[in-house]
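# Architecture and fold: a report
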Amino acid sequence: MSTSETTTARSSSGPLDSFFKISQRGSTLGREIRGGLVTFFTMAYIVVLNPLIIGTVKDGSGQFVGGGTDPAASIAKIAVATALAAGVLTILMGLVANFPLALATGLGLNAFVAFSIATKMTWADAMGLVVLEGLIILILVLTGFRKAVFEAVPRQLKVAISVGIGLFIAFIGLVDAGFVRRPASPTAPPVELGVGGTLRGWPVLIFVIGLVLVVALYALKVKGAILIGIVSATVLAVILEAIAKIGPRSDTNLGGWGLSVPELPDKLFIAPNFDTLGEFNLFGSFSQVGVISALLLIFTLMLADFFDTMGTMTAIGAEAGLLDKDGNPPSTQRILIVDSVAAAAGGAASVSSNTSYIESASGVGEGARTGLASVITGLCFLVAIVFAPLVTLVPYEAATPALILVGFLMMTQIKGVDFDDLEIGIPAFLTIILMPFTYSITAGIGAGFVSFVLLKIIRGKAKLVHPLMWVVSTLFVIYFAIGPLGDWLT
């Protein structure tokens with residue numbers, strides 16, 4: 001932070017500063033607003049992507065979300081509910097936990113719910129499972145179990161989680177921008193540069209320009225570097241699309257835009273439809289697929305939600321410099337309570353489980369340190385309910401440069417891991433590499449936990465392992481074996 005910003009931070013006063021502890025955390029009102037805006041622009045894609053994932057899948061009754069056989073109507077309803085849930089829950093995180101963390105429908109979880117759960121029952125039944133999972137996690141938080149588990153994790157393993165997430169979000173940014181892609185040929189490597197080892201399409205150029213601009217501005221210590229980069233790249237993308245008519249990426253248009261096509265919409269706003277709110281059946285799934293199968297599905301959802309948030313809030317807290325000497329963020333219990341409520345609220349809104357977003361790190365990279373940034377992000381989501389067409393202006397290629405820069409910043413924490421100590425070095429290594437390689441924060445954390453306990457046993461130090469690490473590692477073993485276990489039990 002510059003000298004002028006430091007002076008402003010120390011001299012600022014008023015109800016906002018007092019409530020959010022802005023100056024106490026070395027921030028300013030401007031930095032919080034910029035951070036909140038950057039986080040929104042970095043994760044606004046969920047308003048478009050979530051409807052495309054869950055709105056085009058027919059449930060076990062042959063209907064789309066919200067009922068009926070019109071996928072377009074389903075997509076419109078889900079977009080509204082997705083923005084509403086994200087807005088309310090993110091504001092709640094800011095006000096209750098005072099932490100710069102935004103929430104929205106969890107990617108990965110929504111696909112699992114849509115393709116692996118909803119196809120076996122009605123969508124309302126599937127959402128009932130999500131609500132139950134969220135309520136169970138909330139009970140675990142209120143009893144202190146979830147916080148106790150978090151505090152039982154060795155500090156260096158928490159650092160490894162932050163580093164792994166940094167590598168993970170950088171990888172997400174590269175993939176979403178089309179800079180790194182999955183080859184079409186089954187005999188090719190899992191990923192490659194562009195298409196066939198060559199960068200393809202004008203949108204990738206937008207990503208490169210945006211990345212160079214963000215890095216250059218950050219290196220020059222320009223205030224609002226990330227926000228300026230996103231807005232500038234978006235404006236350039238709109239101009240490019242207007243001239244070249246590039247269109248969306250597809251099998252026949254490999255050089256197209258990744259998700260949103262940056263073109264000026266015909267309408268600036270839409271009339272919201274809230275029909276999906278309350279569309280859940282709490283126990284309907286038990287009669288549809290049986291008690292054992294329903295419980296296994298709840299366990300899978302719960303474990304993913306439980307540990308994704310733990311990793312995310314650790315990474316955000318570390319990047320913001322808010323962790324204590326044991327690697328715990330401030331107001332841990334409040335963060336976990338809001339996140340648990342979000343899981344159930346996502347099911348109640350019929351948009352799948354809501355969870356903490358690692359893209360919040362982009363706002364922290366812009367300077368956010370308090371819950372005020374979350375309030376700003378949440379308000380933007382609420383505005384997006386009626387101005388959804390404008391949200392689609394920001395393409396992946398303009399937003400993802402922020403993830404690359406933040407990924408670098410989070411990777412710098414790796415110096416806090418002692419790799420000479422194999423008992424922590426190997427678990428840390430597995431945690432770091434498996435997050436991007438499996439595209440799952442949960443899988444990386446699970447591998448780190450299980451290998452940590454296993455190495456302690458091998459070296460005759462089992463008594464030094466915290467009892468809760470034994471419990472959690474056992475749960476992760478079950479989690480990794482959930483596929484064959486489910487087949488055997490059913």
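Throughout, a residue's number is its position along its own chain's written sequence, starting from 1. Local features in this predicted model are restricted to residues of pLDDT 70 or higher, and side-chain atom pairs are both shown and tallied only at a pLDDT of 80 or more, whereas totals for entire chains, interfaces and linings draw on every residue. Only heavy atoms go into the side-chain values, all of them from the structure, while hydrogens and water stay out.

### A look at the overall build of the chain
Spelled out, the test is: Helix numbers and strand numbers start at the N terminus; a helix is a DSSP run of H or I with at least 4 residues, a strand a run of E with at least 2. Radius of gyration means the value over C-alpha atoms here, while the globule rule gives 2.2 Å times the residue count to the 0.38 power. Categorising residues by exposure relies on relative accessible area from a 1.4 Å probe, with only protein chains included: less than 20% of the type maximum marks a residue as buried, more than 50% marks it as exposed, and the intermediate range marks it as partly exposed. Only heavy atoms matter for contacts: two residues are in contact if any of them lie within 4.5 Å across the pair. Surface exposure here means Shrake-Rupley accessible area, sampled with a 1.4 Å probe, where a residue is shielded only by the protein chains that are shown. As used throughout, the charge tally considers Lys and Arg to be positive and Asp and Glu to be negative, leaving His and the chain termini uncounted. In this description, the location of a charge corresponds to atom NZ of lysine, CZ of arginine, CG of aspartate or CD of glutamate.
Broken down by element type, the chain carries 23 helices and four strands. By the compact-globule yardstick of 23 Å for 490 residues, the chain fits well, its C-alpha radius of gyration being 22 Å. If one aligns the C-alpha atoms of the chain with their principal axes, the spans along those axes are about 65 × 60 × 55 Å. Taken over 490 residues, the chain has a buried fraction of 55%. Considering only contacts within the chain whose residues lie at least 6 apart along the sequence, 79% involve residues at least 24 apart. Within the structure as shown, the chain displays about 19,600 Å² of accessible surface, and the carbon and sulfur contribution to it stands at 68%. Across the chain, the mean location of the 28 positive side-chain charges is 7 Å away from that of the 30 negative side-chain charges.

### Section: the environment of Lys461
In plain terms, the rule: Under the rule applied, a polar contact is a pair of N or O atoms within 3.5 Å (in protein, one hydrogen donor and one hydrogen acceptor; residues adjacent in sequence only if both atoms are side-chain atoms).
On the secondary structure map, Lys461 appears in the loop between helix H21 (441-458) and helix H22 (467-480). According to the relative accessible area criterion, Lys461 is partly exposed, its value standing at 32%. Once residues within four sequence positions are removed from consideration, Lys461 is found in contact with Glu423 and Lys456. At 2.8 Å, the side chain of Lys461 forms a polar contact with the side chain of Glu423.

### Comments concerning the packing of helix H6 (residues 109-117) against helix H7 (residues 123-142)
Selection rule: Orientation is described by lines fitted to C-alpha atoms, with helices fitted over the stretch in contact, and by angles between N-to-C directions that extend from 0 to 180 degrees. Oblique is the label for any angle not covered by the other classes, which are roughly parallel (under 35 degrees), roughly antiparallel (over 145) and roughly perpendicular (65 to 115). Throughout, a crossing is termed right-handed when the near helix is turned clockwise from the far one, and left-handed when it is turned anticlockwise from it by less than a right angle. For this scheme, ten residues count as nonpolar: Ala, Val, Leu, Ile, Met, Phe, Trp, Tyr, Cys and Pro. Four count as charged, namely Asp, Glu, Lys and Arg, and the remainder, Gly too, count as polar.
Packing of H6 against H7 brings their axes to within 10 Å, and their N-to-C directions diverge by 135 degrees. One finds that H6 runs oblique with respect to H7. Crossing of H6 over H7 shows right-handed handedness. Packed against H6, whose contacting residues are Val113, Ala114 and Ile117, the element H7 presents Trp123, Ala126, Met127, Leu129 and Val130 at the interface. When grouped by side-chain class, the residues that make up the contact of H6 with H7 number eight nonpolar, no polar and no charged.

### Brief notes about the confidence of the model for the chain
As a reminder, the rule being used: Here pLDDT means the predictor's own confidence in every residue, given as a number from 0 to 100.
Taken over all residues, the pLDDT of the chain has a mean of 85, while the share at 70 or more is 93%. Throughout residues 1-12 the model reports pLDDT below 50, and contacts reaching past four residues in sequence, or to other chains, amount to 17 contacts.

### Points about unusual backbone geometry
Positive phi, normally seen in glycine, also occurs at Lys21, with a value near 60 degrees. Inspection of the secondary structure puts Lys21 in the loop between helix H2 (15-20) and helix H3 (29-43). Phi is positive for Ser352, close to 80 degrees, though the residue is something other than glycine. Looking at the element boundaries, Ser352 is found in the loop between helix H14 (332-348) and strand E4 (354-356).

### Thoughts on the pattern of salt bridges
We count it as follows: A carboxyl oxygen of Asp or Glu within 4 Å of a side-chain nitrogen of Lys or Arg is what we treat as a salt bridge.
Taken as a whole and assessed by the stated rule, the structure comprises eight salt bridges. One salt bridge connects Arg249 with Glu397, and the closest N-O pair in it is separated by 3.4 Å. Placement of the pair is Arg249 in the loop between helix H11 (225-244) and helix H12 (284-289) and Glu397 in helix H18 (residues 396-399), with a sequence separation of 148 residues. Since its relative accessible area comes to 26%, Arg249 is described here as partly exposed. The exposure class of Glu397 is buried, given its relative accessible area of 0%. For the salt bridge of Lys461 with Glu423, the shortest nitrogen-to-oxygen distance reads 2.8 Å. Separated by 38 residues along the polypeptide, Lys461 in the loop between H21 and H22 and Glu423 in helix H20 (residues 422-438) bring together distant segments of the chain. According to the relative accessible area criterion, Glu423 is buried, its value standing at 4%.

### Some details on the packing of aromatic side chains
Short version of the rule: Pairing of aromatic rings covers Phe, Tyr and Trp, the last through its six-membered ring, and needs centres within 6.5 Å; plane angles under 30 degrees mean stacked, over 60 mean edge-to-face, and all others mean tilted.
By the definition in use, this model includes eleven aromatic pairs. Through pairs of rings, three or more aromatic residues link up here, namely Phe449, Phe476, Tyr479 and Phe480.

### Section: a nonpolar patch on the surface
We count it as follows: Only residues whose relative accessible area exceeds 30% and that take part in no salt bridge are eligible for patches, with like-charged residues grouped when within 9 Å of each other and nonpolar side chains (Val, Leu, Ile, Met, Phe, Trp, Tyr) grouped when within 5 Å.
Side chains of Phe19, Leu92, Leu95, Val96 and Val341 sit close together on the surface and give an oily, nonpolar patch of about 370 Å² of accessible area. Top contributing element to the nonpolar patch by residue count: helix H5 (residues 71-97), with three residues. Positionally, Leu92 belongs in helix H5. Accessibility expressed as a relative area gives 32% for Leu92, which makes it partly exposed.

### Some remarks on the nonpolar core
The criterion, for reference: In this text, buried Ala, Val, Leu, Ile, Met, Phe, Trp, Tyr and Cys residues form a nonpolar core when linked through side-chain atoms within 4.5 Å.
Membership of the largest hydrophobic core comes to 110 residues, with the highest contact counts inside it found for Ile165, Phe307, Ile445 and Phe449. By size, the runner-up hydrophobic cluster in this structure holds eight residues, among which are Ile206, Ala233, Leu240 and Ala398.

### Regarding the packing of helix H8 (residues 145-152) against H22
Look at H8 against H22: their axes get within 9 Å of each other, and the N-to-C directions meet at 105 degrees. Relative to H22, the element H8 lies roughly perpendicular. On H22, the residues that touch Phe145, Ala148, Val149 and Ala152 of H8 are Leu468, Met469, Val471 and Val472. The residue inventory of the contact of H8 with H22, partitioned by class, reads eight nonpolar, no polar and no charged.

### Focus on the side chain of Glu423
A polar side-chain atom of Glu423 sits 3.3 Å from a polar atom in the side chain of Arg459. Beyond its immediate stretch of four places on either side in the chain, Glu423 contacts Phe452, Leu455, Lys456, Arg459 and Lys461.

### So, H20
Threshold: By this rule, a helix spans an expected 1.5 Å times one less than how many residues it contains.
For H20, with 17 residues, the first-to-last C-alpha span of 23 Å sits near the 24 Å given by 1.5 Å per residue. When H20 is considered as a whole, its buried residues turn out to be Glu423, Ile424, Gly425, Pro427, Ala428, Thr431, Ile432, Ile433, Met435 and Pro436. Those residues of H20 that are buried are in contact with helix H9 (155-176) and H21. Downstream of H20 by one or two residues, Tyr439 has phi in the positive range, about 60 degrees.

### Looking at the environment of Lys120
Residue placement: Lys120 occurs in the loop between H6 and H7. Taking the C-alpha atoms as reference, Lys120 lies 25 Å from Phe274; in sequence the two are 154 residues apart. Apart from the residues within four sequence positions on either side, Lys120 is in contact with Gly60, Gln288 and Val289.

### Quick word on the environment of Gly60
Secondary-structure assignment places Gly60 in the loop between helix H4 (46-54) and H5. Residue class for Gly60 comes out partly exposed when judged on its relative accessible area of 47%. Measuring from C-alpha to C-alpha, the distance between Gly60 and Asp125 comes to 9.7 Å, with 65 residues separating the pair along the chain. Other than its neighbours up to four places away in sequence, Gly60 contacts Ala118, Thr119, Lys120, Met121 and Thr122.

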